[in-house]
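# Structure assessment
For reference, the chains in residue letters:
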Amino acid sequence: MTDNPAATNDVAVSLRARINTGQPHTARIWNYWLGGKDNYEVDRAAGDQIRRLHPGIGEYARADRLFLGRAVRHLVGEVGIRQFLDVGTGLPTADNTHEVAQRIAPESRIVYVDNDPLVLAHARALLTSTPEGRTDYLDEDLRNVDAILEHASKTLDFNEPVALMLLGVVIFIGEDDEAYGLVRRLMERLPKGSHLVLSHTVTHPAMPDVDEAVKFWNEHGTPKLTQRTPADVTRFFDGLELLEPGVVSCSRWRPEHDHGAEPEEVAMFGGVARKG
């Protein structure tokens, strides 16, 4: 399902017209770093250059993906959440939100939201719900809060708690007031007991090569990225009850290991919080 009017007559033609294969794109580079095949030579070249500037950058993609899995498993298995609004979905890969959730609770319902035409072209992979549950996809921009919530209400019951997933997406909102305002507006419309799961790339004095990699990206790729400090990322959770261990490197949010070694820190920080 899509609200993209350009796709009504000839989906394939309209999507091709919206996909720019001559400029690297974050979703496709992310897909490349995760070992996917939905990318182009221009994305691989940019991804390799960024990796030369910051050799550990590929670990961010994996750490963020593993964070998604741990957060969803906690919310479904321990909290009892059965509804997810995943905004900034990215290209489908292994263990998408609905697959993780429905593995534990087959009746879970998930609405995916993204405005990348390549994601829309592969949206069928996001709609493989269990018979007991349901998934839906909306071709929409994060900034269009009313449209997102109106469409999502056809699948999700906003009288019951919802987990809002914003993984690596508010980095594309450059103005702080707008970025914080969008997250606040979305959470205000969700009922008590809902949760926010958010991750964001950070700038940190201990990781100067990250700044160089982001600078390179903003000069050559699209869309542009905005880095924020760990304290700035924590502000997205203002007014909510942060779950332990708070806002930390995604690799260090409730890591699933038993050998006692703390995972390496990555410049992608995330957290989970409850609306009281």
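The structure this text deals with has already been given above.
Structural notes, computed from the coordinates. Note that the structure is a prediction, hence the values are computed from the model and not measured. (Residues numbered from 1 in each chain as written. Predicted model: local features only at pLDDT ≥ 70, side-chain atom pairs only at ≥ 80, totals over all residues. Heavy atoms only, no water.)

With 6 of 7 residues buried, strand S8 (residues 268-274) is to be regarded as a mostly interior element. Summarising the sheet, strand S5 (residues 195-201) and S8 pair through 7 bridges and their orientation is antiparallel. Its bridge partner being in S8, Thr201 is matched across the sheet by Met268. Pairing of strand S6 (residues 241-242) with S8 involves 2 bridges; the strand directions are antiparallel. (Buried < 20%, exposed > 50% of the residue type's maximum accessible area, 1.4 Å probe, protein only. Helix = DSSP H or I, 4+ residues; strand = E, 2+ residues; numbered from the N terminus. Pairing = 2+ DSSP bridges.)

What follows is about unusual backbone geometry. For the bond from Glu244 to Pro245, the omega torsion is 10 degrees, close enough to zero to count as cis. Position of Pro245 relative to the elements: it lies in the loop between S6 and strand S7 (248-249). A positive phi angle, close to 45 degrees, is found at Arg254, a residue other than glycine. Summarising the element assignment, Arg254 is placed in the loop between S7 and S8. Residue classification places Arg254 among the partly exposed positions, given a relative accessible area of 33%.

Turning our attention to helix H2 (residues 26-33). Taking burial as the measure, the 8 residues of H2 include 6 buried ones, the bulk of the element. For H2, every residue scored as buried is listed here: Thr26, Ala27, Arg28, Ile29, Asn31 and Trp33. Check the buried side of H2 and you find it contacts helix H3 (41-53), helix H4 (57-79), helix H6 (117-121) and helix H9 (208-220). Immediately beyond the C-terminal end of H2, within one or two residues, lies Gly35, with a positive phi of roughly 90 degrees. (Contact = heavy atoms within 4.5 Å.)

Interpretation in functional terms is not warranted from these geometric data alone.
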